[in-house]
Amino acid sequence: KTYILNITIVGTGYVGLVTGTTLAELGNSVYCVDIDEKKVEGMKNGVVPIYEPNLEEMFLRNIQAERLFFTTNLKEALDKSEVIYLALPTPPGEDGSADLSYVIKVANDIGEMMTEYKVVVNKSTVPVGTADKVREVISSKTQIPFDVVSNPEFLREGFAVEDSMNPARVVVGASSEKAQDIMAKIYQPFTNTGIPIIFMDEKSSELTKYAANSFLAVKITFMNEIANYCEKVGADVDKVRLGMGSDDRIGQRFLFPGIGYGGSCFPKDVKALIKSGKQEDFNFQILEATENVNIAQKVILVSEIEKYFGGNIEGKTIAFWGLAFKANTDDIREASSLDNIALLLEKGAKIVAYDAVAESNVQKLLGDKIQYAKNMYEALENADALFIATEWSEFKNPNFELMAQKMNGKVIFDGRNIYPLEIPEQNGFYYKSIGRKTILN
Ligand code: UDX
């Protein structure tokens, strides 16, 4: 078999798995390494450990084509590969800074095991200066030449396959020409179709990832503040958003107000950049404000719910549609649903939740603190109000008659603005969304 390159991916979490599958799809032979034996065994048998639209098909196709392999043995994979991608977790430590111990540990192993030139590629989101650290660790173990490259990942959950096969750009931080050439070769299928590859130094590349994610978090948060202000003055944020977004310096995307940003990236990266700033005696004032606004925004509807019920929600049953931090994922990390559920429980409400994909993850976390429904209508049985926490498609065109039959009160709090105002209005529902007029039925 002829491959473009032999590549090892260390870590088969979200980024590692998607990156590995994509690189195999681009024609490379890819070894995915993980210490979790059960997971590796599963993947060898075609089991994809995460939920992501269209991933399974691509994953199975590349296993079949003998371009995608799995092992727990780093040395075995390393010996066969010229390029090693690190896609390891960098969880926030107690102080919010990224914990690099997994990255450092594997860098150590690579230094000890390598027998010829390697390019080590940092794919995980890591603080500025990490490429230098990895370089130091490896060179403390070996005399053999190698390069360390930063190549951040910009994919969105739910669109991982789409984003990874058709990225807006590829950013590569590499100071050595040899490493640049190898990276250019890997991404040639992209550059052939006009996707830009932007070369820079490692530090700028590392910062690009944080800057991009933080900017988007700021953009969303700015819109959330505009939405809150719209309510004060009787403006409609949908109209404001269209009017603003039509200026292509602003753009229509990531201007949707709601109950805050969550997920595994924005909250973590905003925190980490603030923290990195502090280490240099630098205050990211915009990011600090963004973080605080977002914390309040996540639960902004709770006081509205209390207000609606005259200040006391003890014993009220609130149905939740959606638990995932956004649609098309089972991920509940930093999900706004969880903040709302916790606060509503604290205030004595009962929760019945429905999310076809993320429910089992919430069940693991919250157990029988809340009830779970088998479908979206069952969740409404005797509910005093409905809370929409995730914009899943199945909620977008519901049977309002059936909803009214099931519910105690025809009341909707929509944290994702999924209905045009006339829809709940015509169906006789009280409807409170974000940054728009309240429908007082
Ligand atoms: C994000 C980045 O988009 C991606 O480039 C990066 O690699 C990882 O982080 P992801 O966390 O998967 O991806 O989700 P994204 O679609 O960006 O949404 C993040 C959060 O912002 C979600 O909670 C979403 O509901 C919220 N959001 C997004 C809004 O509230 N309004 C918007 O207009 C867009």
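These numbers come from a predicted model, not from an experiment.

A.B. asks: Is there a simple way to think about the overall build of the chain in this case?
C.D. replies: When helices and strands are tallied, the chain shows 18 helices and 14 strands. The globule rule puts the C-alpha radius of gyration for 441 residues at 22 Å, and the 24 Å found for the chain is close to it. Overall, the chain is about 75 × 50 × 40 Å in size when its C-alpha atoms are taken along their principal axes. Across the 441 residues that make up the chain, the buried fraction comes to 45%.

A.B. asks: Looking at this structure, I do not really get the site of the ligand. What am I missing?
C.D. replies: Near the ligand there are 19 residues, and of these Glu-157, Phe-256, Tyr-261, Gly-263 and Cys-265 occur at the shortest range. Considering every element that reaches the shell around the ligand, the biggest residue donor is helix H10 (residues 202-233), with three residues. Split by domain, the shell around the ligand shows at least three residues from each of two domains, domain 1 (6-200) and domain 2 (210-296).

A.B. asks: What exactly am I supposed to notice about unusual backbone geometry here?
C.D. replies: The general pattern is negative phi for most residues beyond glycine and trans for most peptide bonds. The backbone of Asn-328 sits at a positive phi, close to 65°, despite the residue not being glycine. Mapped onto the elements, Asn-328 comes out in the loop between strand E9 (317-321) and helix H15 (336-346). The exposure class assigned to Asn-328 is partly exposed, which follows from the 19 C-beta atoms found within 10 Å. Positive phi, close to 60°, is recorded for Asn-382, a residue that is not glycine. Among the structural elements, Asn-382 can be located in the loop between strand E11 (371-372) and strand E12 (385-388). Overall, Asn-382 belongs to the exposed group, with 12 C-beta atoms counted inside 10 Å.

A.B. asks: Which parts of the structure should I look at to understand the UniProt feature "domain: UDP-glucose/GDP-mannose dehydrogenase C-terminal" (unreviewed entry) in the chain?
C.D. replies: With numbering aligned to this structure, UniProt lists the feature "domain: UDP-glucose/GDP-mannose dehydrogenase C-terminal" (unreviewed entry) at residues 319-421. Along residues 319-421 the backbone is 25% helical and 17% strand, and the end-to-end C-alpha distance reaches 20 Å.

A.B. asks: Is there a simple way to think about the nonpolar core in this case?
C.D. replies: Most often, soluble globular proteins have nonpolar side chains that are buried together. Val-10, Val-30, Ile-84, Tyr-85, Leu-86, Val-120 and Val-149 are the most contacted members of the largest nonpolar core, which has 75 residues in total. Of all the elements, H10 adds the most residues to this core, at eight residues. Taken domain by domain, the makeup of this core includes at least three residues from each of domain 1 (6-200) and domain 2 (210-296). Every residue in contact with Val-10, bar those within four places of it in the chain, is listed here: Val-33, Leu-74, Ile-84, Tyr-85, Leu-86, Ala-87, Leu-88 and Val-106.

A.B. asks: Would you take a moment to explain the domain arrangement of the chain for this structure?
C.D. replies: Splitting the chain by domain gives domain 1 (6-200), domain 2 (210-296) and domain 3 (299-432). Domain 1 puts four residues into the contact, and the matching count from domain 3 is seven residues. Grouping the constituent residues of the side of domain 1 that touches domain 3 by class yields two nonpolar, one polar and one charged.

A.B. asks: Before we go on, may I ask you to explain the environment of Ile-388 in this structure?
C.D. replies: As for its placement among the helices and strands, Ile-388 is situated in strand E12. Sequence-wise, Ile-388 and Glu-56 are 332 residues apart; in three dimensions their C-alpha atoms are separated by 29 Å. Apart from the residues lying within four places of it in its own chain, the contact partners of Ile-388 are Trp-321, Gly-322, Phe-395, Ile-412, Asp-414, Gly-415, Arg-416 and Ile-418.

A.B. asks: It is not clear to me how the environment of Leu-74 should be interpreted in this structure. Could you clarify?
C.D. replies: One can find Leu-74 in helix H4 (residues 74-80). By C-beta crowding, Leu-74 is classed as partly exposed, having 19 other C-beta atoms within 10 Å. Put simply, Leu-74 and Ile-9 are 65 residues apart on the chain and 9.5 Å apart in space, counted from C-alpha to C-alpha.

A.B. asks: Help me out: how do you make sense of the packing of H10 against helix H13 (residues 285-298) in this one?
C.D. replies: Contact pair H10 / H13: the axes reach a minimum separation of 9 Å and the direction vectors enclose 55°. When the axis of H10 is compared with that of H13, the two are oblique. For the pair H10 and H13, the crossing hand works out as left-handed. Along the contact surface, H10 presents Ser-214, Ala-217, Val-218, Thr-221, Asn-224 and Glu-225, while H13 presents Ile-286, Leu-287, Thr-290, Val-293, Asn-294 and Gln-297. Here the residues of the contact of H10 with H13 are counted per class, giving five nonpolar, six polar and one charged.

A.B. asks: Would you explain the pairing of strand E1 (residues 6-10) in this entry?
C.D. replies: Walk down a regular strand and you will see the side chains alternate between the two sheet faces. Of all five residues in E1, four are buried, a share of seventy percent or more. Two elements, E1 and strand E2 (residues 29-33), share five bridges in a ladder whose sense is parallel. Across the sheet, the residue bridging to Ile-7 is Val-30, located in E2. The parallel pair E1 and E2 is bridged by helix H1 (residues 14-25), and the resulting crossover is right-handed.

A.B. asks: What exactly am I supposed to notice about the environment of Ser-336 here?
C.D. replies: In this structure, Ser-336 sits in helix H15. Note on Ser-336: 27 C-beta atoms within 10 Å, which makes it buried. Distance in space between the C-alpha atoms of Ser-336 and Phe-69 is 37 Å, their sequence separation being 267 residues. Those residues in contact with Ser-336 that sit more than four places away from it in its chain are Ile-259, Gly-260, Gly-262, Lys-298, Phe-325, Ala-389 and Gly-415.

A.B. asks: Honestly, helix H5 (residues 101-113) in this entry has me stumped. Any pointers?
C.D. replies: Given 3.6 residues per helical turn, the α-helix brings residues three or four places apart onto the same face. Across its 13 residues, H5 extends 18 Å between first and last C-alpha, which sits within 8% of the 18 Å expected from 1.5 Å per residue. Those residues of H5 not exposed but buried are Val-103, Val-106, Ala-107, Ile-110 and Gly-111. When H5 is viewed along its axis, its buried side chains cluster within an angular range of 145° and face the same direction. Across from the buried face of H5, at angles greater than 90 degrees, the exposed residues are Ser-101, Lys-105 and Glu-112. Against the buried residues of H5 lie E1, H4, strand E4 (83-86), strand E5 (118-122) and helix H6 (130-139).

A.B. asks: Can you walk me through the sheet that holds strand E10 (residues 350-354) in this structure?
C.D. replies: Strands in a sheet are paired, the pairing made by backbone hydrogen bonds, and the direction either parallel or antiparallel. Here six strands make up an open sheet; going across it, the order is E11-E10-E9-E12-E13-E14 and the pairing parallel. The open sheet has two edge strands, E11 and strand E14 (430-432), and neither has a second partner. The sheet contact formed by E12 and strand E13 (residues 411-414) spans three bridges and is parallel. Counted as the bridge partner of Ile-388 is Asp-414 from E13. With respect to the sheet, helix H14 (residues 300-308) is in contact with E12, E13 and E14, its orientation differing from that of E13 by roughly 165°.

Conventions adopted
Residues numbered from 1 in each chain as written. Predicted model: local features only at pLDDT ≥ 70, side-chain atom pairs only at ≥ 80, totals over all residues. Helix = DSSP H or I, 4+ residues; strand = E, 2+ residues; numbered from the N terminus. Rg over C-alpha atoms; globule rule 2.2 N^0.38 Å. Buried ≥ 20, exposed ≤ 12 C-beta atoms within 10 Å, placed from the backbone. Near = placed C-beta within 6 Å. Domains from an automatic or database assignment. UniProt positions renumbered as here; feature names shortened; annotations may be inferred. Core = buried A, V, L, I, M, F, W, Y, C linked by C-beta atoms within 7 Å. Contact = placed C-beta atoms within 7 Å. Nonpolar A, V, L, I, M, F, W, Y, C, P; charged D, E, K, R; others polar. Axes fitted to C-alpha atoms, helices over the stretch in contact; angles between N-to-C directions. Parallel < 35°, antiparallel > 145°, perpendicular 65-115°, else oblique. Left-handed = near helix turned anticlockwise from the far one by under 90°. Pairing = 2+ DSSP bridges. Right-handed = clockwise from strand over helix to strand, strands pointing away. Expected span 1.5 Å × (residues − 1). Arc of directions from axis to C-beta.

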